[in-house]
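Residue-level structural notes
What follows is each chain in one-letter form.
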Amino acid sequence: MNIAILGATGNFGIALTSKLLAYTDHNLTLISRNAGNKFEDNYRIKSKSIDASNNIRDLNKALENQDLVYCAISGDYIPVIADNIINCHPKRLIFMATVGIYNELENATHLNVDNEQLQIPNQYAVNLIENSNVDYTIFRLGLMDYGDEDDYCITKKGENVKTHNTTVESVIKIALEIIDNPQLYSRESISITKKE
């Protein structure tokens, strides 16, 4: 399988890449603004230094023949990046966003989009993806830290979320499950947060 990771040089991108290299035989295209400085190409890795927010032509070329695209980018430009990804017509997309974009946080309402303007770009990006024809899964994540891969609870869109912390390992675990079974959580938005 060919997998592209956008945001490959961030903390999560590096952790996901390490896991995929260690436990699978998938081919990886690692994309970030400075991926070429971080990764060396080899028989399984192709690094692409691309700014996904303003270089649609190179992004489109990098995403050709990819079976799955994982977007691990955050920030104010995430709606532009989401739109650029949609216009590349990926076969399968996992897109990281934040919990609270549907005002679903029960015990941390100050982090819901109605109370936290920093959530607005995430909400807009997810709305673009949900209204596209892309076969997506949205990961809505809380504050990320390292921990137990089994310390998670999945809630679907429309359900309240009680916690706002997430382990890196649990997100990687669910991502690997989708890679092994692409129909899992197809066209769904799920939160992955720690158990209570």
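Basis of the calculations
Residues numbered from 1 in each chain as written. Predicted model: local features only at pLDDT ≥ 70, side-chain atom pairs only at ≥ 80, totals over all residues. Heavy atoms only, no water. Helix = DSSP H or I, 4+ residues; strand = E, 2+ residues; numbered from the N terminus. Expected span 1.5 Å × (residues − 1). Buried < 20%, exposed > 50% of the residue type's maximum accessible area, 1.4 Å probe, protein only. Contact = heavy atoms within 4.5 Å. Salt bridge = Lys/Arg side-chain N within 4 Å of Asp/Glu carboxyl O.

1. Notes on helix α1 (residues 11-23)
The end-to-end C-alpha distance of α1 is 19 Å, a good match for the 18 Å that 13 residues give at a rise of 1.5 Å each. Looking at α1, one finds that the buried residues are Phe-12, Gly-13, Ala-15, Leu-16, Thr-17 and Leu-20. Of the surrounding secondary structure, the elements contacted by the buried residues of α1 are β1 (2-6), β2 (27-32), β4 (68-71), β5 (93-98), β7 (143-145) and α6 (168-180).

2. As for the pattern of salt bridges
Taken as a whole and assessed by the stated rule, the structure comprises 6 salt bridges. For Lys-91, the salt bridge goes to Asp-67, with nearest N and O atoms at 3.6 Å. Highlighted residues: Lys-91 in the loop between α4 (78-87) and β5 and Asp-67 in the loop between α3 (56-62) and β4, separated in sequence by 24 residues. Judged by its relative accessible area of 27%, Asp-67 falls in the partly exposed class. Lys-157 serves as the salt-bridge partner of Glu-130, at 3.2 Å between the closest nitrogen and oxygen. One end of the pair, Glu-130, is in helix α5 (residues 120-130); the other, Lys-157, is in the loop between β8 (153-156) and β9 (165-167), and 27 residues separate them in sequence. On the accessibility criterion, Glu-130 (15% relative accessible area) is buried.

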